[in-house]
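Listed here are the chains, written in short residue letters.
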Amino acid sequence: MANETPQVMTIAGTDSSGGAGMSADLKTFFAQHVYGANVVVSVTAQNTFGVQQVQMLTPNMVTQQLTSVGSDLKISAFKTGMLGDAITVHTVAAAIEKHDFGDYILDPVMIAKGGARLLTEQAIDAVISDLLPLATLVTPNLPEAEVLAHSQIKTHEDVADVAKRIQELGAKNVLLKGGHGNEKNVYDYVLLENGEHFWMKSQRVDTVRTHGTGDTISAAITAQLALGKTLKNAIITAKAYVDATIRDGIYVGHGHGPLNHSAPVRSINQPEVLDDL
């Protein structure tokens, strides 16, 4: 009977206000009906206005947490979020190669909603060299994608080109999130390893309560893969869920507020899947 429950893992930092990072991941795992383990790489003093302080854990402590989880739990999918610095990226990459944690969703968290830098320049290089080749899926937003691909995004054609460049860096599959765009609708682009590509179109919600959206969609994809969904279906299901958490918002804090992770997914939340724009 041991380890029959679907189990997933997040490797990320904390958020003392509970809206993003590991807090968002664990809430999402619970909402998706999977068991979530958590490996802490950093502790942040943070609220809806921004990140006030970051304290990284030692590489030895990060390694020991991963070893402890790997020696007991049966993790079938996992994700990484904020990793902070290059030594942590190297440490996590080494553990991923040592343990079989299943499908890997890489959320390359670089900048917080309030503008705080969460990944050093050296760590960005380490993410590209050490983690991209290991990932099942990478989920950058538009600014993160520009950094990874060293290229600006101004048009939908640029989005597709940048996704291809990121894939050429070693990522098998790419979800390029369009939430940072300024159009009436949000357009997320997916490029799969087999060459298939599609857009997900959803209506933009006029709200500042979007803290933790990147964490939430990557965690939801992780959960859906653990439940046996194909990657394409996992991405579409996760997109519908994160849209629900934004649309049925809650009122917490005075800045960029958190999502409603208990929001039900309704037909209105389903993204429109398009082959081309």
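Above this note sits the structure.
Residues numbered from 1 in each chain as written. Predicted model: local features only at pLDDT ≥ 70, side-chain atom pairs only at ≥ 80, totals over all residues. Heavy atoms only, no water.

Caption draft 1: Main features of the environment of Glu193. Along the chain, Glu193 falls in the loop between strand S8 (185-191) and strand S9 (197-203). Residue contacts for Glu193: discarding those within four places in its chain leaves Gln167, Lys172 and Asn173. (Helix = DSSP H or I, 4+ residues; strand = E, 2+ residues; numbered from the N terminus. Contact = heavy atoms within 4.5 Å.)

Caption draft 2: Local environment of unusual backbone geometry. For His33, which is not glycine, the phi torsion reads 70 degrees and is therefore positive. Mapped onto the elements of the fold, His33 is located in the loop between helix H1 (21-31) and strand S2 (35-47). Of note in this structure, His150 is not a glycine but carries a positive phi near 55 degrees. Along the chain, His150 falls in the loop between helix H5 (142-149) and helix H6 (156-168).

Caption draft 3: Layout of helix H8 (residues 231-247). Its 17 residues give H8 an end-to-end C-alpha distance of 24 Å, which sits within 8% of 24 Å, the value for a rise of 1.5 Å per residue. With 13 of 17 residues buried, H8 is to be regarded as a mostly interior element. (Expected span 1.5 Å × (residues − 1). Buried < 20%, exposed > 50% of the residue type's maximum accessible area, 1.4 Å probe, protein only.)

Caption draft 4: View of the packing of helix H3 (residues 86-98) against helix H4 (residues 121-131). Packing of H3 against H4 brings their axes to within 8 Å, and their N-to-C directions diverge by 15 degrees. It follows from the interaxial angle that H3 and H4 lie roughly parallel. Pair H3 / H4 crosses with right-handed handedness. The segment H3 lies against H4, with Ala86, Val89, His90, Ala93 and Ile96 engaging Gln122, Ala123, Ala126, Val127, Asp130 and Leu131. Taken together, the residues of the contact of H3 with H4 sort by class into 8 nonpolar, 2 polar and 1 charged. (Axes fitted to C-alpha atoms, helices over the stretch in contact; angles between N-to-C directions. Parallel < 35°, antiparallel > 145°, perpendicular 65-115°, else oblique. Left-handed = near helix turned anticlockwise from the far one by under 90°. Nonpolar A, V, L, I, M, F, W, Y, C, P; charged D, E, K, R; others polar.)

Caption draft 5: Summary view of the pairing of S2. Here strand S1 (residues 7-13) pairs with S2 via 7 bridges, running parallel. The residue bridging Met9 from the neighbouring strand is Ala37, located in S2. Tracing the backbone out of S1, into H1 and back to the parallel element S2 gives a crossover that is right-handed. Where S2 and strand S3 (residues 50-56) come together, 6 bridges link them in antiparallel fashion. Across the sheet, the residue bridging to Ala45 is Gln53, located in S3. The turn linking S2 back onto S3 is made up of 2 residues. (Pairing = 2+ DSSP bridges. Right-handed = clockwise from strand over helix to strand, strands pointing away.)

Caption draft 6: Representation of the pattern of salt bridges. Taken as a whole, this structure holds 6 salt bridges when the rule is applied. Put simply, Lys79 and Asp25 hold a salt bridge, and the shortest N to O gap is 2.8 Å. Of this pair, Lys79 sits in strand S4 (residues 75-80) while Asp25 sits in helix H1, and the two are 54 residues apart along the sequence. Residue Glu196 pairs with Lys232 through a salt bridge whose shortest N-O separation is 2.7 Å. In this pair, Glu196 is assigned in the loop between S8 and S9 and Lys232 in helix H8, connecting sequence segments 36 residues apart. In this structure Lys232 comes out as partly exposed when scored by relative accessible area, which is 28%. Residues joined by salt bridges that share partners form a network here, namely Asp188, Lys239 and Asp243. (Salt bridge = Lys/Arg side-chain N within 4 Å of Asp/Glu carboxyl O.)

Caption draft 7: Up close: the environment of Gln203. Relative to the helices and strands, Gln203 is located in strand S9. Since its relative accessible area comes to 49%, Gln203 is described here as partly exposed. The sequence separation of Gln203 and Lys184 amounts to 19 residues, and the corresponding C-alpha distance is 6.8 Å. Contacts of Gln203, omitting those with residues within four sequence positions, involve Lys184, Asn185 and Arg247.

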